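Close look at the chain arrangement
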4 protein chains.
Amino acid sequence: MHDLGIGLIGTGFMGRAHALAFNNAKAVFDLPLNLKLAALADADPQRARQCAQSWGFEASHSEWQQLIDDPKVNLIAITTPNHLHFPMAMAALAAGKAVYCEKPLAVSLAQAEQMRPAARTAGVVTRVGYNYQHNPMIQLARDMIRRGELGQIISFQGEFSEDFMADPASPWSWRCEAAHAGGALADLGSHLLAMARHLVGDVEAVCADSQTVHTQRPVSTGASEQRVIAVDDHVHALLRFSNGAQGTVSSSWLKHGYKNHLSFEISGTLGTLAFDQERLNELRLCRVGHCGFQRLLAGPELPGYAAFSPAAGHQLGYNELKTLEVQELVMAFAGQGGSGTDFEQAWAVERLAAAIRLAARERRWVTLTEL
Amino acid sequence: MHDLGIGLIGTGFMGRAHALAFNNAKAVFDLPLNLKLAALADADPQRARQCAQSWGFEASHSEWQQLIDDPKVNLIAITTPNHLHFPMAMAALAAGKAVYCEKPLAVSLAQAEQMRPAARTAGVVTRVGYNYQHNPMIQLARDMIRRGELGQIISFQGEFSEDFMADPASPWSWRCEAAHAGGALADLGSHLLAMARHLVGDVEAVCADSQTVHTQRPVSTGASEQRVIAVDDHVHALLRFSNGAQGTVSSSWLKHGYKNHLSFEISGTLGTLAFDQERLNELRLCRVGHCGFQRLLAGPELPGYAAFSPAAGHQLGYNELKTLEVQELVMAFAGQGGSGTDFEQAWAVERLAAAIRLAARERRWVTLTEL
Amino acid sequence: MHDLGIGLIGTGFMGRAHALAFNNAKAVFDLPLNLKLAALADADPQRARQCAQSWGFEASHSEWQQLIDDPKVNLIAITTPNHLHFPMAMAALAAGKAVYCEKPLAVSLAQAEQMRPAARTAGVVTRVGYNYQHNPMIQLARDMIRRGELGQIISFQGEFSEDFMADPASPWSWRCEAAHAGGALADLGSHLLAMARHLVGDVEAVCADSQTVHTQRPVSTGASEQRVIAVDDHVHALLRFSNGAQGTVSSSWLKHGYKNHLSFEISGTLGTLAFDQERLNELRLCRVGHCGFQRLLAGPELPGYAAFSPAAGHQLGYNELKTLEVQELVMAFAGQGGSGTDFEQAWAVERLAAAIRLAARERRWVTLTEL
Amino acid sequence: MHDLGIGLIGTGFMGRAHALAFNNAKAVFDLPLNLKLAALADADPQRARQCAQSWGFEASHSEWQQLIDDPKVNLIAITTPNHLHFPMAMAALAAGKAVYCEKPLAVSLAQAEQMRPAARTAGVVTRVGYNYQHNPMIQLARDMIRRGELGQIISFQGEFSEDFMADPASPWSWRCEAAHAGGALADLGSHLLAMARHLVGDVEAVCADSQTVHTQRPVSTGASEQRVIAVDDHVHALLRFSNGAQGTVSSSWLKHGYKNHLSFEISGTLGTLAFDQERLNELRLCRVGHCGFQRLLAGPELPGYAAFSPAAGHQLGYNELKTLEVQELVMAFAGQGGSGTDFEQAWAVERLAAAIRLAARERRWVTLTEL
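Calculation rules
- Residues numbered from 1 in each chain as written.
- Chains lettered and ligands numbered in written order.
- Predicted model: local features only at pLDDT ≥ 70, side-chain atom pairs only at ≥ 80, totals over all residues.
- Heavy atoms only, no water.
- Contact = heavy atoms within 4.5 Å.
- Buried area = accessible area lost by both parts, 1.4 Å probe.
- Salt bridge = Lys/Arg side-chain N within 4 Å of Asp/Glu carboxyl O.
- Polar contact = N/O pair within 3.5 Å; in protein donor to acceptor, adjacent residues only side chain to side chain.
- Helix = DSSP H or I, 4+ residues; strand = E, 2+ residues; numbered from the N terminus.
- Least-squares fit on C-alpha atoms with pLDDT ≥ 70 in both.
- Phe/Tyr/Trp six-rings, centres within 6.5 Å; stacked < 30°, edge-to-face > 60°.
- Buried < 20%, exposed > 50% of the residue type's maximum accessible area, 1.4 Å probe, protein only.
- Lys NZ or Arg CZ within 6 Å of the ring centre and 35° of its normal.
- Axes fitted to C-alpha atoms, helices over the stretch in contact; angles between N-to-C directions.
- Parallel < 35°, antiparallel > 145°, perpendicular 65-115°, else oblique.
- Left-handed = near helix turned anticlockwise from the far one by under 90°.
- Nonpolar A, V, L, I, M, F, W, Y, C, P; charged D, E, K, R; others polar.
- Domains from an automatic or database assignment.
- Core = buried A, V, L, I, M, F, W, Y, C linked by side-chain atoms within 4.5 Å.
- Pairing = 2+ DSSP bridges.
- pLDDT = per-residue confidence, 0-100.

Once that is clear, we can look at the interface of chain B and chain C. Taken residue by residue, the interface counts 32 residues in chain B and 31 residues in chain C. Around 2,900 Å² of area is buried between chain B and chain C when both sides are counted, 49% of it from carbon and sulfur atoms. A per-residue breakdown of the area chain B buries against chain C is headed by Arg279(B), His314(B) and Gln315(B), which together make up 19% of the total. On the surface where chain B and chain C come into contact, there are four salt bridges. A salt bridge links Arg295(C) to Glu278(B), with the shortest nitrogen-to-oxygen separation between them at 2.5 Å. In this structure, the connection of chain B to chain C is made through 21 residue pairs in polar contact (both at pLDDT 80 or more). For the side of chain B that touches chain C, the secondary-structure elements that each account for two or more residues are α1 (13–28), α2 (45–55), β16 (294–297) and α9 (318–333) of chain B.

So, on to the environment of Gln66(B). Here Gln66(B) is to be found in helix α3 (residues 64–69). Expressed as a C-alpha distance, the spacing of Gln66(B) and Val288(B), which sit 222 residues apart in the sequence, is 57 Å.

So, about the relation of the copies chain B and chain A. For the pair chain B and chain A, the relating rotation is 180°, the translation along its axis is 0.0 Å, and the fit reaches an RMSD of 0.0 Å. Overall, the copies show the geometry of a two-fold rotation axis. In terms of proximity to the rotation axis, the leading residue of chain B is Arg364(B), whose C-alpha is 2.9 Å off the axis. A share of 100% of interface residues in chain B that are also interface residues in chain A marks the association as one of identical surfaces.

Following the criterion strictly, the structure yields 40 aromatic pairs over all chains and no others. Relative to Phe160(D), the ring of Tyr132(D) lies with its centre 6.3 Å away and its plane at 85°, an arrangement referred to as edge-to-face. Of the two residues, Tyr132(D) is situated in the loop between β6 (126–128) and α6 (136–146) and Phe160(D) in strand β7 (residues 153–161); the sequence distance between them amounts to 28 residues. No difference in accessibility class separates Tyr132(D) from Phe160(D), as the two residues are buried. Each residue in the set Phe13(A), Tyr132(A), Phe160(A) and Tyr318(A) is aromatic and connected to the rest through ring pairs, giving one cluster. One residue, Arg284(D), lies across the ring of Phe293(D), its end atom 4.3 Å from the ring centre.

Another point: the interface of chain B and chain A. Tallying the contact residues gives 46 residues for chain B and 46 residues for chain A. Of the roughly 3,600 Å² buried at the junction of chain B and chain A (both faces included), carbon and sulfur atoms supply 52%. Seen at the junction of chain B and chain A, the total is four salt bridges. A salt bridge links Arg240(A) to Asp209(B); the shortest N-O distance between them is 2.5 Å. Here chain B is connected to chain A by 22 residue pairs in polar contact (both at pLDDT 80 or more).

Residues and elements named next belong to chain B. The N-to-C vectors of helix α7 (residues 184–200) and helix α10 (residues 343–362) enclose an angle of 120°; their axes lie 9 Å apart at closest approach. Relative to α10, the element α7 lies oblique. Both α7 and α10 take part in a crossing whose hand is right-handed. In this structure, α7 contributes Leu185, Ala186, Ser190, Leu193, Ala194 and Arg197 to the contact, and α10 contributes Gln345, Ala348, Val349, Leu352, Ala353, Ile356 and Arg357.

Quick look at the packing of α6(D) against helix α7 (residues 184–200) of chain D now. Residues and elements named next belong to chain D. Where α6 meets α7, the axes come as close as 9 Å, and the angle between the chain directions of the two elements is 40°. Taken together, the axes of α6 and α7 lie oblique to each other. Contacts between α6 and α7 pair Ile138, Ala141, Arg142 and Ile145 from the former with Met195, His198 and Leu199 from the latter. When grouped by side-chain class, the residues that make up the contact of α6 with α7 number five nonpolar, one polar and one charged.

Residues and elements named next belong to chain A. You can read the domains of chain A as domain 1 (2–131) and domain 2 (133–315 + 341–370). Placing a centre on the C-alpha atoms of domain 1 and another on those of domain 2 gives a separation of 25 Å. Between domain 1 and domain 2, the residue contacts involve 26 residues of the former and 25 residues of the latter. Summed over the shared surface of domain 1 and domain 2, the result is two salt bridges. In this structure, Arg120 and Glu344 form a salt bridge, with 3.3 Å as the shortest nitrogen-oxygen distance. For the interface between domain 1 and domain 2, the tally reads nine residue pairs in polar contact (both at pLDDT 80 or more). Going through the elements one at a time, α4 (85–94), β5 (98–102), α5 (109–122) and β6 (126–129) are the ones with two or more residues in the side of domain 1 that touches domain 2. It is α5 that contributes the most residues to the side of domain 1 that touches domain 2, seven residues altogether.

Time to look at the pattern of salt bridges. Between side chains of opposite charge, pairing is possible as soon as their charged atoms come close. Within this structure, the stated rule accounts for 84 salt bridges over all chains. Residue Arg175(A) pairs with Asp187(A) through a salt bridge whose shortest N-O separation is 2.9 Å. Highlighted residues: Arg175(A) in the loop between β7 (153–161) and α7 (184–200) and Asp187(A) in helix α7, separated in sequence by 12 residues. Among the residues examined, Arg175(A) registers a relative accessible area of 29% and is labelled partly exposed. Salt bridges sharing partners connect three or more residues here, namely Glu159(A), Lys255(A), Glu265(B) and Arg284(B).

Our next topic: the relation of the copies chain B and chain C. With an RMSD of 0.0 Å, the operation that places chain B on chain C is a rotation of 180° combined with a shift of 0.0 Å along the axis. A symmetric contact is evident, with 97% of the interface residues of chain B recurring at the interface of chain C.

Right, let's talk about the nonpolar core for a bit. Among the nonpolar cores identified, the biggest contains 260 residues, and Ile356(B) and Ile356(C) are the most heavily contacted of them. If we ignore the near neighbours within four places in the chain, the residues touching Ile356(B) are Leu185(B), Leu193(B), Val206(B), Ala208(B), Val235(B), Ala237(B), Leu239(B) and Val249(B). Residues Met14(A), Cys101(D), Ala237(D) and Val326(D) belong to the second largest nonpolar core, which totals 259 residues.

We now examine the sheet that holds strand β1 (residues 3–9) of chain B. Residues and elements named next belong to chain B. Taken together, the six strands give an open sheet; going across it, the order is β3-β2-β1-β4-β5-β6, and neighbouring strands pair in parallel fashion. The open sheet terminates on both sides in strands that have one partner only, identified here as β3 (59–61) and β6 (126–128). Averaged over all neighbouring strand pairs, the angle between strand axes comes to 20°, with direction disregarded. Note: strand β2 (residues 34–41) against β3, three bridges, orientation parallel. Among the inter-strand pairings, Ala41 is bridged to a residue of β3, identified as His61.

The next thing to look at is the confidence of the model for chain A. Confidence in the prediction for chain A averages 96 pLDDT; 100% of positions are at 70 or higher. If you check the scores for this complex, the pTM reads 0.96 and the ipTM reads 0.95.

Attention now moves to the sheet that holds strand β2 (residues 34–41) of chain C. Pairing between sheet strands relies on hydrogen bonds along the backbone, with the strands arranged either parallel or antiparallel. All names here are of chain C. Across the sheet, which stays open at both edges, the six strands sit in the order β3-β2-β1-β4-β5-β6 with parallel pairing between neighbours. Either end of the sheet is taken by a strand with one partner, and the two such strands are β3 (59–61) and β6 (126–128). Across the sheet, the axes of successive neighbouring strands diverge by a mean angle of 20°, strand direction being ignored. Against the sheet, helix α1 (residues 13–28) touches β1 (3–9), β2, β4 (75–78) and β5 (98–101), its axis set at about 160° to β2.

This next bit is on helix α6 (residues 136–146) of chain C. All names here are of chain C. Taking burial as the measure, the 11 residues of α6 include eight buried ones, the bulk of the element. By the burial criterion, the buried members of α6 are Pro136, Met137, Ile138, Leu140, Ala141, Arg142, Met144 and Ile145. Between the side-chain oxygen of the N-cap and the backbone nitrogen of Met137 there are 2.9 Å, and the N-cap of α6 in question is Asn135. Backbone geometry just after α6 places Gly148 at a positive phi near 80°.

Residue and element names in this part refer to chain A. At the junction of Lys103 and Pro104, the peptide bond is cis and its omega measures out at -5° in the coordinates. The residue Pro104 is located in the loop between β5 and α5 in this model. Backbone geometry at Arg363 places phi at a positive 50°, although glycine is not the residue there. Considering the arrangement of structural elements, one finds Arg363 in the loop between α10 (343–362) and β17 (366–367).

Quick look at the structure:
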């Protein structure tokens, strides 16, 4: 069995989540490749060394370019701040290495538009971390839709809301800067847009409205100095899908009561299906002729679930979605399928978000091909 | 105590619901006027007589104009098919009588625009049957919003979906005719638009998308002959409120799993509040600083509830909302306040629905003042 | 059509609920008898007169025995305090009149044991107001069980909890006196016991545990003087049914968060069914082979619902359950079936409650035939 | 930092779950000891070698006694079939090694009664895998109870039901043998009993009822040959706690619709708290003076959660509860606290289950000290 050498850049929360996911994927899946945690990079050499040791990486680097150049590394996992995704991914592609980049693909549509042909030219596997898609319940939803069990899809209504910026005293952070892909739409909503595309398909036109409710925030927690905020606090949009379905999406980081409310309802001529990430092991389903919604609980009849538990109802967690994403990535690298969002798809998500921003700014319907 | 003579036109489901509501209002409220069920009209004289007797009306008429002219009748309740609302209400106003008309106010905005000044000129009490507003839980929601308990209102997201036309074999009916105020938006969505206005206030601009999924239906149940359908099966819209709040509304009569899903979520800077008519005795509420949604159950601390039960959790039903609407109507007639949707407000609902249809047709934002 | 003359004793909340139910039953059902609200009795003659007028009764009495003797009265509805149920019902039976008594049948098993043969001897229709049974969803549950759709019944797990005595400062009332059928078990739990018998059948043995948590309470709201409380604040019991099913019942009036939580789950070899009175228009159901619970919403396919609304999801309320109880009562009087709890059944409920109290006191299993 | 050498016996589902938990505990916690995956034992030497490699263990053994004797091993993790828990744990204790045994402690109370003093004599850390207790939401519930936030505890009502034996064609397995700690009470219910003790404290007396509904099952899937089944399919019991609280517990493996329904409601004089393992990241809470239940979602304010995610609402899964259990185990080994169920506590759980069986058999209340 061939080795697949993993090089991880970044040691924050998502860096650790990647490390866990690579380790756990080895333990729970029969992978066609031998995952080797080859090297880890962090600008602080001591932290790089220490994390490499705790997380099981063989080597560490303080320069990310060294990691990309490391011949034992075949796949570059990027978990650094958003503005670094572009240079790191472009360097990895230039070196002919596979790339597994956290979302967003880039901090501007202009960057994404360079990354898309670069990936195509490099001819390598690329993935962007829209890990919510790897939930077995989402896979089930997608399969049901593809098999026509909901009939013709009529409508997608989605929302991704949280409350972490609801307090006007929540301070400014990079998430408040458009140049770092900040704002409720880019930060949260993009997960929802990716999900809508994953389940229903391409979007062809959008109209939208959005608002910055809190136009200034403290520069840091408790500070009296304020900083002007220009990114959206919430957004509502209409979507027109290529297959004729119509929909709404909403995203807010001001909505009291929600912590991870990535939710949607998809209705078709033969049924309705609903999901909420805050109860990620459940789907609500109503098929034609049944008189009410049924709650489906994740169980081992779904392959992604069975990898973690032989018994239904035992509940997967967020980190296991990441492990499932790694599995798909490895399958793709081995040329054995492997679903997930590649740079082409991730560019389409960025373009869709950009179209929504444009539609909100100009208060008109925007056709995706305009961008 | 003065008498208030009620004249009821129509003996269908809503006619009976009105009769029950008038009778029950007498029994449960301390009204400032003595409700007299003076007369009932139905084109079929025998049915008119029979219903009058069962429901406790003193007289019956087979000509509705006779009922309007009946000197014992002070208030005309109209529960006939939609296209008759206009002539009956106009005749009642011309006779200087109060009018309590089922929704919709009229079958076209043109009609509504005549009824509005006619009501103003007549100077009488008018009400349109948007009975869902009279739910004590809605009253509580409205009071909370008005008292500022949710802070500045940021967003209203509403939906009214049912499944009664989900089957493409569900036959044509008057509800499928624009000339009878048919379509998902007019039939269902107008309740939601009225609710949005009731709770959040005037809407100033809209954008929308809509679709007729099943473009023909059998002329009657089981018939092979088909009739072309032009009204919307579902609609999605963006709303911009005058107070700066933004929102979405959706309405569908094709959505499997829903029977009376008039639902909304209102988020403000200090909290979020959610409601679903399928659980009409509940509100979900999350205030700032609380870590999750709380379920409030209707109880006798709400005056509208206390009229029906001295103990919480005993649940009001749909018909009791109608009884509460009658109470407000009587209070208004007696000059003692009395909330509810008068012809002015009902015209605004019709204009809003018309704006949504225009926005969907022309695929652009429409300002309400355009209409 | 013959008349059925109603005589109502009591003008409190339940008196009014009866009056509403008789009036509404006339309006919504095609009854085989002509309901006449013949007379109303209250010890206060002025109140009797006034309520008779508001609620549509033809005559009023200040002596309840007069009402029983009134030849226009065929059926005596008793809504007075619990300790009066016995003398009034016995007098009515002695006069050969039908009796519709609010629950409980009596304040002691000894009384109930006199009422049972008295009813049999009188040969009249008797009913006790266990109105929750008349919910169309409960009727559906019962029909499903009887048709074998849940297979062999294995288990009944029920609870009736409220919070109205949770505050130790909630004052003493007659509900705190055993001599008035007070205590959580008698006041709330008896509804649950009646429901268990209605759905699953006779109980043959019980074991139980109970407690008085707050052993004294103020004599009245805010009073410093305390009164010793001897009745149970909460009870748990095991039930062994005659058909082999086993179960648990719990009742508490101390349980924070519940307002009318009469709930149960019935499991059989072919399915599980669950209900909560706080959402009285819903049943949760999981049939064999289905992978999760389904929510059923009440709709017009259920005859009891259709009487009130032609459309699903419109929700019945508590008072409409009372109207449905009246319908069954009238059907029984007309000799046309008519389900409901008669004195025989109500005695069985009292005996069951007494057995639970005995089992708790003696800390042992008690066979029902011991009592 | 000292090493803690882990020796794992068993390579089934729970073996792998342990391996994942040890690996992940290293990555997510700052542990006071250096976890070394020293050795793994499986009777099949090839499987032992292969699993050791996949899961990161340094050595493998085909004889479990070798693993116990391995000087690099300080702690023995036992994940073998139930009847092997006793000999393995006793051997480990005899060797002076710490023991981490999957539940149940043993297959009979007699065995458990030998293990309890053996553990005391050995003076080592012992733990039994009641991993559900390590859920941060359960920790929160326990802390709230201990801090008195629910007041005096009045009642514990618990249930652990699943449906995996609901089909009478589900074949016989070791779970159907009392000699392997089979039956719904031992297999599922013991988790609930451990939880009741964890949250409310010692139980002093019980009464119970139980039943074998399906008295024979196929010897294997699809076989026509049947095997007689003697263990309970479901049980209901009353509990009397030492602190005066009273309760019910139910357990069934026949209950359609449930997959992992370990649920409970605890009511006290100041509030009610409810939990369901099928939604393990949630607690429902109603405090005195609040008018309804509130849903709490797990978040990083709980230390156990923060180890896995910095953001609320991201959901822990079952396997992460296991990782949290390992953390507590390591803390205990390091002498730094460390909660969890030791052999003393696990013996008390076994005794409680035995008391329930005795009470059901003899149909009487059983005091725990009788056993």
